[in-house]
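Fold and contact review
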Amino acid sequence: MCFRIQKVRTRRKAGTATLVDSYLLADQHGFPLMVSAFEGNKAETKTMLPVIEAFMAARRLPDVTVVTDAGMVNEANQKAVEAAGLSFILGMRIPDVP
């Protein structure tokens, strides 16, 4: 079974509302499995891994492989995923393929 995690940022005019980052974890058909929300001023390094760990705990999964594109995972997130003992597949462009 594969899962998709999507980060959505909700914002209003600057200074009128708190930014909210929400994560939607869905199955391969797009069926929602879990939703989490955080204040929008938190870095992804403080939000992405807790969402994954909460899902693993709720489903009693011993291990998952995080599959994402380069826009979702920066170097700090990669290190956090590795430190948590999880594996990951990172999709990114390779500018010059021979």
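Structure: see above.
This text gives an overview of the structure that appears in the document. (Residues numbered from 1 in each chain as written. Predicted model: local features only at pLDDT ≥ 70, side-chain atom pairs only at ≥ 80, totals over all residues. Heavy atoms only, no water.)

Section: the overall build of the chain
For clarity, the cut-off: Helix numbers and strand numbers start at the N terminus; a helix is a DSSP run of H or I with at least 4 residues, a strand a run of E with at least 2. Any residue under 20% of the maximum accessible area for its type is buried, any over 50% is exposed, and the rest in between are partly exposed; the area is computed with a 1.4 Å probe on protein chains only. By definition, residues are in contact when any of their heavy atoms lie within 4.5 Å. All accessible areas in this document rest on Shrake-Rupley with a 1.4 Å probe, and a residue is counted as covered only by the protein chains that are shown.
A count of helices and strands for the chain gives 2 helices and 5 strands. Its helices and strands in sequence order give the chain the pattern β-β-β-α-β-α-β, from N to C terminus. Going through the 98 residues of the chain one by one, you find that 27% of them count as buried. Put simply, of all contacts in the chain between residues at least 6 apart along the chain, 29% involve residues at least 24 apart. Looking at the chain as shown, the accessible area adds up to about 6,900 Å², and 55% of this sits on carbon and sulfur atoms.

Topic: helix 1 (residues 48–59)
We count it as follows: Every helix has an expected span of 1.5 Å times one less than the residues it contains. Along the arc lie the directions from the helix axis toward the C-beta atoms.
The end-to-end C-alpha separation of helix 1 is 17 Å, in line with the 16 Å expected for 12 residues at 1.5 Å each. The complete set of buried residues in helix 1 reads Met48, Leu49, Val51, Ile52, Phe55 and Met56. Angularly, the buried residues of helix 1 cover 160° about the axis, an arc narrow enough to put them on a single face. Exposed side of helix 1, more than 90 degrees from the buried face: Ala57 and Ala58 are the residues found there. Just downstream of helix 1, arginine 60 is the residue with a positive phi angle, here 55°.

As for the side chain of serine 36
Position of serine 36 among the secondary structure elements: in strand 3 (residues 32–39). The residues touching serine 36, leaving out its near neighbours within four places in the chain, are Asp21, Ser22, Tyr23 and Val51.

As for the pattern of salt bridges
Using the following cut-off: In what follows, salt bridge is the name for a side-chain nitrogen of Lys or Arg lying within 4 Å of a carboxyl oxygen of Asp or Glu.
This structure, assessed with the given rule, holds 1 salt bridge. The residue lysine 79 makes a salt bridge to glutamate 75 at a minimum N-O spacing of 3.2 Å. Of this pair, lysine 79 and glutamate 75 both sit in helix 2 (residues 75–83), 4 residues apart, which is roughly one turn of that helix. Neither residue differs from the other here; lysine 79 and glutamate 75 are each classed as exposed.

Just geometry here; none of it tells us what the structure is for.
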